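Residue-level structure breakdown
Chain residues, written in single-letter form:
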Amino acid sequence: MKKLALHWQILLGMALGIVFGLILSNTSWGKSFIVDWIKPIGVIFIKLLKLIAIPLIIASLIKGISDLKDISKFSSIGKKTILLYVCSTVIAVTIGLVLVNIIQPGNSISQETVDQLSSAYNTKANARVESAFDQKETGPIQFIEDMVPDNIFAAASNNRNMLQVIFFTVLFGISLLLVKEEKSKPIKDFFDSLNEVIMKMIDIIMLIAPYAVFALLASLIVETGNSDIFVALAQYGLTVVLGLFTMVVLYIVVIKIYTGRSPSSFLRGISPAQLLAFSTSSSAATLPVTMERVEEHLGVDKEVASFVCPVGATINMDGTSLYQAVAAVFICQALDYGLTIPDQLTIVMTATLASIGSAAVPGAGMVMLVIVLDSLGVSKETLMVGLALIFAIDRPLDMLRTVINVTGDATVSMLVGKSEGKLGVPEVKNWDDNYKN
Ligand code: ASP
């Protein structure tokens with residue numbers, strides 16, 4: 001019998017997980033069964049992905065840079081990557097702002113719903129606001145300072161320090177290019193082979209992906225509360241979803257025009273990473289799979305993918321920035337806080353910066369939304385009510401925006417790859433042997 005392609009296996013796992021979760025959430029033993037016996041499979045899977053993230057970045061980026069032969073090539077890749085990331089984020093925020101101003105979801109929400117939501121989610125919202133204010137107490141170029149590690153072992157021991165690890169690795173890779181061939185060869189060969197081994201580890205870990213997404217979605221269902229609230233926030237949720245959908249259309253149109261690659265071949269290539277992004281709500285946890293798909297299934301050379309993907313996972317969040325723009329305006333509309341045109345321009349700037357600063361983990365976009373609202377002069381009390389307002393449907397929106405974050409990284413990888421002459425026909429690997437370009 002022909003083996004089902006990986007993205008179908010994952011989709012099936014997700015669908016069965018939701019059904020299983022819905023059935024068992026009707027009984028209290030069912031809920032604890034899922035939490036105690038099923039959820040750990042999902043947690044283990046996320047841990048395994050995070051486990052290989054740092055070694056993967058190191059091995060693949062060093063191999064990528066050392067294959068370049070020429071430093072000017074790296075600087076050209078770097079400039080294009082950053083430029084495309086900033087442009088795509090600004091476009092995403094603008095799309096979000098246009099939609100939220102046309103649809104005006106906040107104006108249809110009643111005072112009663114505002115009161116109900118703010119009392120239900122008060123405590124959780126406060127925690128996010130406090131954590132955002134803790135992060136805010138820093139200077140304007142603090143993030144550049146933070147990018148430079150003073151101890152590589154300390155940096156590599158925490159997945160949140162991805163940019164520090166990238167910084168060290170880029171410096172290492174460039175230095176490797178500058179030493180004589182006979183001296184650099186042993187190190188290059190070592191990282192080359194390390195890279196192969198880590199790619200194989202991803203293949204092995206991915207074997208449990210369909211079961212893991214089953215576990216993640218089943219546990220999400222039993223841990224999610226009252227669904228009536230979804231209806232009250234439907235217009236807001238749909239505005240975000242419409243914006244995210246517009247971004248996907250934009251990506252595939254740009255890819256088709258610039259690289260000639262068909263939408264179905266792009267989506268088929270990247271879909272396992274998108275499904276994992278949806279199930280884990282974390283672009284950092286999805287990173288190993290994103291890199292694997294971009295290189296082996298979309299045909300972007302390692303020289304490009306090994307830099308563009310990890311940097312993107314840390315700083316490029318188109319979905320998050322779009323969501324922050326919609327959520328900020330929605331909250332202002334619902335709480336009758338009038339916004340002027342300069343206010344909306346402030347949102348473009350702060351949402352772009354806030355999405356760069358958001359960690360690639362579940363819920364981070366909401367914490368940084370506080371910075372966007374704060375820049376509009378919203379008081380701390382209003383901020384708390386505002387966040388409580390959108391808290392109930394933040395998780396599903398987080399799942400969707402993470403998909404866009406990952407798709408945006410893959411899109412930029414393809415565009416940079418094409419412009420550098422480093423986009424080829426994808427190599428077909430063991431998972432989807434039936435995959436054809
Ligand atoms: N969960 C998102 C990510 O990991 C960040 C966010 O928007 O909360 O990409």
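In what follows, the structure referred to is the one given above.
To keep things clear, this report deals only with the structure shown in the data block.

Basis of the calculations
Residues numbered from 1 in each chain as written. Predicted model: local features only at pLDDT ≥ 70, side-chain atom pairs only at ≥ 80, totals over all residues. Heavy atoms only, no water. Helix = DSSP H or I, 4+ residues; strand = E, 2+ residues; numbered from the N terminus. Rg over C-alpha atoms; globule rule 2.2 N^0.38 Å. Buried < 20%, exposed > 50% of the residue type's maximum accessible area, 1.4 Å probe, protein only. Contact = heavy atoms within 4.5 Å. Areas by Shrake-Rupley, 256 points an atom, 1.4 Å probe, with all protein chains shown as cover. Lys, Arg positive; Asp, Glu negative; His and termini not counted. Charge placed at Lys NZ, Arg CZ, Asp CG, Glu CD. Axes fitted to C-alpha atoms, helices over the stretch in contact; angles between N-to-C directions. Parallel < 35°, antiparallel > 145°, perpendicular 65-115°, else oblique. Nonpolar A, V, L, I, M, F, W, Y, C, P; charged D, E, K, R; others polar. 1 Å grid on protein atoms, 1.4 Å probe; cavity = no way out; pocket = protein on both sides within 12 Å on 5 of 7 lines; lining within 4 Å. Points joined across faces, edges and corners; volume = space filled by probe spheres on them. Expected span 1.5 Å × (residues − 1). Salt bridge = Lys/Arg side-chain N within 4 Å of Asp/Glu carboxyl O. Near = heavy atom within 4 Å. Polar contact = N/O pair within 3.5 Å; in protein donor to acceptor, adjacent residues only side chain to side chain. Phe/Tyr/Trp six-rings, centres within 6.5 Å; stacked < 30°, edge-to-face > 60°.

Right, let's talk about the overall build of the protein for a bit. When helices and strands are counted, the protein shows 19 helices and zero strands. Against the compact-globule benchmark of 22 Å for 437 residues, the protein has a radius of gyration of 22 Å, which places it among compact chains. In terms of principal-axis extent, the alpha carbons of the protein reach across some 75 × 55 × 45 Å. Scored against the burial criterion, the 437 residues of the protein give a buried share of 53%. A fraction of 85% describes how many contacts in the protein between residues 6 or more apart in sequence connect residues 24 or more apart. For the protein, the accessible surface area stands at approximately 19,100 Å², while carbon and sulfur atoms represent 66% of it. If you average the places of the 32 positive and of the 36 negative side-chain charges in the protein, the two averages end up 8 Å apart.

Attention now goes to the packing of helix α15 (residues 318–334) against helix α19 (residues 394–419). For the pair α15 and α19, interaxial distance at closest approach is 6 Å and the crossing angle is 135°. One element, α15, and the other, α19, form an angle in the oblique class. Contact residues: D318, G319, T320 and Y323 in α15; D394, R401, I404, N405 and G408 in α19. Grouping the amino acids of the contact of α15 with α19 by side-chain chemistry returns two nonpolar, four polar and three charged.

The next subject is empty space enclosed by the protein. This model, assessed by the stated rule, comprises one cavity of 30 Å³ or more. When its volume is computed, the largest cavity comes out at roughly 80 Å³. Together, 14 residues line the largest cavity, and T320, V361, D398, T402 and N405 are the ones closest to its centre. Only α17 (364–375) and α19 provide two or more residues apiece to the lining of the largest cavity. Broken down by element, the residue count for the lining of the largest cavity peaks at four residues, all from α19. By residue class, the composition of the lining of the largest cavity is five nonpolar, seven polar and two charged.

With 15 residues, helix α9 (residues 209–223) extends 21 Å from end C-alpha to end C-alpha; this agrees with the ideal 21 Å at 1.5 Å per step. Those residues of α9 not exposed but buried are A209, P210, A212, V213, F214, A215, L216, L217, A218, S219, L220 and V222. Elements that come into contact with the buried residues of α9 comprise α1 (6–24), α2 (28–66), α8 (181–206), α12 (263–280) and α19.

What follows is about the pattern of salt bridges. Counting across every chain of the model gives eleven salt bridges. Between E295 and K302 there is a salt bridge whose closest N-O contact spans 2.8 Å. Residue E295 is classed as buried on the basis of its relative accessible area, which comes to 10%. A residue is classified by how much of its surface remains accessible, and K302, at 11% relative accessible area, is buried. Where D394 meets R401, a salt bridge forms, and the shortest distance between an N and an O atom there is 3.3 Å. Pair check on accessibility: D394 and R401 agree, each one buried. One connected set of salt bridges, linked through shared partners, spans K63, D67 and D192.

With that settled, consider the site of the ligand. Lining the immediate environment of the ligand, one finds 15 residues, of which S283, T320, G365, D398 and R401 sit closest. At a separation of 2.7 Å, an oxygen atom of the ligand approaches a polar backbone atom of G365. Protein chains shield 100% of the accessible area of the ligand, which is 270 Å² for the free molecule. Elements supplying a minimum of two residues to the shell around the ligand: α17 and α19. Element by element, the count of residues in the shell around the ligand is highest for α19, at four residues. Grouping the constituent residues of the shell around the ligand by class yields five nonpolar, eight polar and two charged.

In this section: α19. The first and last C-alpha atoms of α19 sit 37 Å apart over 26 residues, in line with the 38 Å expected at 1.5 Å per residue. With respect to burial, α19 is a largely interior element, 21 of its 26 residues being buried. Following α19 by one or two positions, G421 has its phi on the positive side, about 70°.

Glancing now at the environment of V241. Tracing the backbone through its elements, the reader meets V241 in helix α11 (residues 234–259). With 81 residues separating them in the primary sequence, V241 and L322 have C-alpha atoms 9.9 Å apart. Setting aside anything within four residues of it in sequence, one finds V241 in contact with L397 and L400.

Take the packing of aromatic side chains next. Considering all chains together, one arrives at six aromatic pairs under this definition. With centroids separated by 5.1 Å and ring planes inclined at 80°, the aromatic side chains of F74 and F307 adopt a geometry described as edge-to-face. Residue F74 is located in helix α3 (residues 71–103), and its partner F307 is located in helix α14 (residues 302–315); the two are separated by 233 residues in the primary sequence. F307 carries the same exposure label as F74, and that label is buried. With 4.4 Å between their ring centres and 25° between their planes, Y236 and F330 make a pair best called stacked. Remark: F330 occurs in helix α15 and Y236 occurs in helix α11; sequence separation between them is 94 residues.

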